[in-house]
Amino acid sequence: MKYDLIVIGAGPAGMAAAGTAARGGLRVALVDSAAQLGGQFHRQPPPELGGGNVRDDPTHERLGRDQSIEQAIQAPAPRRDFLRLRDRLTGVDLHLGCRVWAVEPSFAVHHDGGTLTGERLLIATGAHDRVVPFPGWDLPGVMTAGGAQALLKGNLVVAGRRIAVAGTGPFLLPVAAGLAAAGARVVGVFEAARQMGALARYPAKLAEGAGYAATLARYRVPYHRGQAVVAAHGADELAKVTVAKIDDGWRAIRTREIECDALAVGYGFVPQLDLPVQLGCATTRDSDGSAIVAVDDQMRTSITGVHAAGETTGVGGAELAELDGIIAGHSITGTPLPDGVRRRRERARAFARLLHEVFPVRDGWRDRLRADTIVCRCEEVPYQAICDAQALGAVDTRSLKLLARPGMGWCQGRMCGYAVARLAGEDPPPPRRPIAQPISLQNLAAYPLRSTNDDA
Amino acid sequence: MPDVVVIGAGVVGAACAYYAARAGLSVTVVDQGAVAGGTTGAGEGNVLVSDKEPGPELDLASLSAGLWSDLAAEVGGFEYEPKGGLVVAETPEVLTALTGLAAKQESSGVRAEVVTPEEYEPNIARGLAGGVYYPQDAQVQPMLAAARLLHASGAQIRTGVRVTGFTRSGDRITGVRTDEGDLPAGAVVNAAGTWAGDIAALAGLPLPVLPRRGFILVTEPLPEPLIHHKVYTAAYVTNVASEDEGLETSAVVEGTPSGPVLIGASRERVGYDRTVSYPVLARLAEQAVALFPALATRKVIRAYCGFRPYCPDHLPVIGPDPRAPGLYHATGHEGAGIGLAPATGLLISRVVTGYSGQPGRPIKSGANGRSGPAESGGQLDLDLFPFRPERFT
Ligand SMILES: Cc1cc2nc3c(=O)[nH]c(=O)nc-3n(C[C@H](O)[C@H](O)[C@H](O)COP(=O)(O)OP(=O)(O)OC[C@H]3O[C@@H](n4cnc5c(N)ncnc54)[C@H](O)[C@@H]3O)c2cc1C
Ligand SMILES: Cc1cc2nc3c(=O)[nH]c(=O)nc-3n(C[C@H](O)[C@H](O)[C@H](O)COP(=O)(O)OP(=O)(O)OC[C@H]3O[C@@H](n4cnc5c(N)ncnc54)[C@H](O)[C@@H]3O)c2cc1C
């Protein structure tokens, strides 16, 4: 028997859509590679810790560092909005711990444990951290802001004792507040952006920000605007960072050094488009230049029967993702949308666009790369190799990859894709990953023979 | 005005540019995309003599295999590995066919040795009927090879420039039209790979070059080498020359200097359809595991496809086009364009500088009225007759 709907991704978007569709009477499957519901924002610790599990996403890699620096904390109570999303999933078949490596038209969803088939598909695979390289970023102790947050929420582990938080965007606030509240000494938040006045147009969001600011004040965490971490240092572990005042183009003006044993650095998020690109869904550009799935006001993609929701359609936070999911769910079941949903979504979307304006990523980081600065960690490609490939005639992201190998390794360019594209002078092209997640040769070989829910 | 304009910055165009420059010609290379962005960017890099029946293609391959080794010394930087190839037979019948082929190849100058597979590849599946080892088989990294040859040629390289037509004086080709203006040239080399037929059509000439799709699987990097040579089953030999429209697969498995194992190669005639065919990927995986059981638990992290440029008779097109003096073709190498590129480039440079299309028949002048260098007597390294462009009409 085929499912009426398969939802891939159990973050706020996927959970909201699956719940809405199930209440509309559809037989729904909800698939996620993580062992727990929730996605990024609502990440839960595993049951043995009192909740889920960090999926082994390469961007969450802990770089094999000395674990004594990390400290465990108690599981917090799940948030109310998570429980509400979860309780609406009654009747939905959960397929957790299932990494989807391919989706075929018609719709067969192949994951590492088998194949599911459905009449319709909703893709809500979220986003991953946007990584910008700088000298020393590959030292153990340096991690993405999302990675530090996932470690905290999913593993209940604090990434270090003295932690610097740097990058750009509102996400730095919950990360710094969470780490400080969990007992780390947060030596500072270094936010590249300077002008944030425009955000005052959204009082509710301002209040949320003020809440984090109060937490930071309580733990005496300084918040610096117009500053960036421009280098990380240490023999075999992070020992200190160089922080710089930067100008509007992100060139360093004045620097100082700060001791710390962990650095959480976040430059926003990149939508995860592997599966929609596999299906041939049309893509477009978000206002920050990211490739996103093109959807209409019903969250329908260009491919009949395929909807997309949440950060695959543009990064904008958990609330927007959930509203997208509700709209998609109602569109799929053909049921009327509750009052106010569309208006709230328009407002959340407008706020997301404003965030892109206020917290842009500027190309000035490129000036900080040294010949030996690693650009692609999986393949250990230094900046010099990128320059050499350019001298040999690599003019775009793809030819850089073909000549110097960035993006050919384990993470398939999720980590270095943004940087390599900007070094090539373009916005990252939509990712072409026919194998969205690594799969063993024996599982791939068994593909056509696998049992599916069709057989049941 | 350059002596030669080469259309296509793939491995074939790069080799043409390299040898033309070495012959003293000034060269401009134009490509609508990037260097090695066409089929060369999707190829595997096998330089094989083992998979060819005696005949003109094998002669070309033997010449080319030697040239790759020379280029590795002269130019370098493209991961040339003279690692040798091991062809295995699953059954006694196939082994008989394989050793029969090897004997014929040996009389054409190919070195081949009947061997016990596990002595060459300790991790190979047990129970195979036997194998033949070909020490001349080698490997290059095709994208780097193209880029390095172009760089070493000193040619002017114009990427992102599309050829849209030709300029002519009577029948004679006097240059190309591009979306960035006209480029006059003494000679034009059509090295546009699968798209070479479209280029020929711009000059009003039929040239049947068609795409044959192939997928490749790439594994995670292996910590220690599991596979030492290029290894494939003898079934591959029959697939290459097949007339069948449908899918054919036979795993060609090899390690690479950077760690991953490459598993190729399927062959299908489906036009330029890039839709991933998962049954094809599954078949490649199955065949690779059958050859090397230890691969079973290794992970595939990437897959990609490309389109081999093939002609109906499975021979490349190399040489001057008598229908349009000044135009030369270097295309249609199908699944062997990387291997065959240097010989193709060398031969093209020879005919452009005034060698005759056939050995022993020097002609007086080529592009720009230059005469062929005297020291080799104007004789071609091998007969271009089987590769002549007008053979399809
Ligand atoms: C690492 C990280 C941490 C974040 N932490 C926070 C935070 O603490 N606070 C905050 O406000 N915002 C956070 N964000 C931003 C967050 O992305 C959004 O707020 C929100 O979670 C987006 O919801 P979504 O439903 O679109 O996607 P997500 O919540 O990202 O959910 C997508 C889900 O899809 C699954 N998935 C993806 N690909 C596959 C596949 N191939 N097979 C199976 N499953 C797949 C993922 O496992 C994930 O559970 C974080 C983002 C990231 C990348
Ligand atoms: C899966 C697969 C595996 C393979 N494995 C091997 C192998 O192991 N060994 C081997 O020898 N061969 C192999 N091949 C075959 C080999 O890749 C090709 O034969 C070879 O790359 C062809 O090179 P080329 O330079 O002729 O064509 P291309 O590399 O395609 O170059 C042609 C160029 O012409 C340009 N062009 C086209 N039209 C225009 C225009 N109008 N204006 C300007 N530029 C234009 C294109 O942009 C392109 O860059 C394989 C092929 C595939 C698909």
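Residues numbered from 1 in each chain as written. Chains lettered and ligands numbered in written order. Predicted model: local features only at pLDDT ≥ 70, side-chain atom pairs only at ≥ 80, totals over all residues. Heavy atoms only, no water.

If you check an unreviewed UniProt entry, chain B appears there as Oxidoreductase from Acrocarpospora corrugata.

The name given to chain A in an unreviewed UniProt entry is Oxidase, and the organism recorded there is Acrocarpospora corrugata.

1. Details of the sheet that holds strand 14 (residues 227-233) of chain A
All names here are of chain A. Rule in force here: Two strands pair under a simple rule: DSSP has to find at least two bridges between them. Where helices and strands are cited, they refer to DSSP runs of H or I of at least four residues and of E of at least two residues respectively, numbered from the N terminus. Axis lines are fitted to C-alpha atoms, over the contacting stretch for helices. Their N-to-C directions set the angle, which ranges from 0 to 180 degrees.
Strand order in the open sheet formed by three strands is 14-15-16, and the pairing between neighbours is antiparallel. Single-partner strands in this sheet number two, and they are strand 14 and strand 16 (252-259). Each strand axis lies, on average, 25 degrees off the axis of its neighbour in the sheet, ignoring direction. One ladder, built from seven bridges, connects strand 15 (residues 240-246) with strand 16; its direction is antiparallel.

2. A word on the site of ligand 2
Residues and elements named next belong to chain B. Convention followed: Proximity is defined per residue: any heavy atom of the residue falling within 4 Å of a molecule or strand makes that residue near it. Pairs of N or O atoms within 3.5 Å make up the polar contacts considered here, provided that, within protein, one atom can donate a hydrogen while the other can accept it, and that residues adjacent in sequence are counted only when both atoms are side-chain atoms. Shrake-Rupley sampling with a 1.4 Å probe provides the accessible areas, and residues are treated as covered by the protein chains on show and by no other component. Gly is placed with the polar residues, together with every amino acid not listed as nonpolar (Ala, Val, Leu, Ile, Met, Phe, Trp, Tyr, Cys and Pro) or charged (Asp, Glu, Lys and Arg). The domain limits used here are those given by an automatic or database domain assignment.
Taken together, 34 residues form the shell around ligand 2, and within it Asp-31, Thr-40, Asn-46, Glu-334 and Gly-339 come nearest. Backbone polar atom of Thr-39 to an oxygen atom of ligand 2: 2.8 Å apart, as the coordinates give it. In this structure, a nitrogen atom belonging to ligand 2 sits 3.2 Å away from a main-chain N or O atom of Glu-44. Relative to its unbound accessible surface of 1000 Å², ligand 2 loses 97% to contact with the protein. Secondary-structure elements contributing two or more residues to the shell around ligand 2 are helix 1 (11-22), strand 13 (210-219), strand 17 (299-310) and helix 9 (337-352). Its residues placed into classes, the shell around ligand 2 shows 14 nonpolar, 15 polar and five charged. Mapped onto the domain boundaries, the shell around ligand 2 takes at least three residues apiece from domain 1 (4-48 + 143-209 + 314-391) and domain 2 (85-135 + 210-310).

3. Some details on the site of ligand 1
All names here are of chain A. Around ligand 1, the surrounding shell holds 32 residues, and the nearest of these are Asp-32, Gln-40, Gln-149, Lys-153 and Glu-311. In this structure, Pro-12 approaches ligand 1 through a main-chain N or O atom, which is 3.3 Å from an oxygen atom. With respect to ligand 1, the backbone of Phe-41 contributes an N or O atom lying 3.1 Å from an oxygen atom. When isolated, ligand 1 has an accessible area of 960 Å², and the protein chains bury 95% of it. Of all the secondary structure elements, the ones that give two or more residues to the shell around ligand 1 are helix 1 (12-23), strand 8 (127-129), helix 3 (145-155) and helix 7 (318-333). Broken down by class, the residue content of the shell around ligand 1 amounts to 12 nonpolar, 14 polar and six charged. The residues that make up the shell around ligand 1 include at least three from each of domain 1 (2-50 + 59-128 + 270-356) and domain 2 (133-266).

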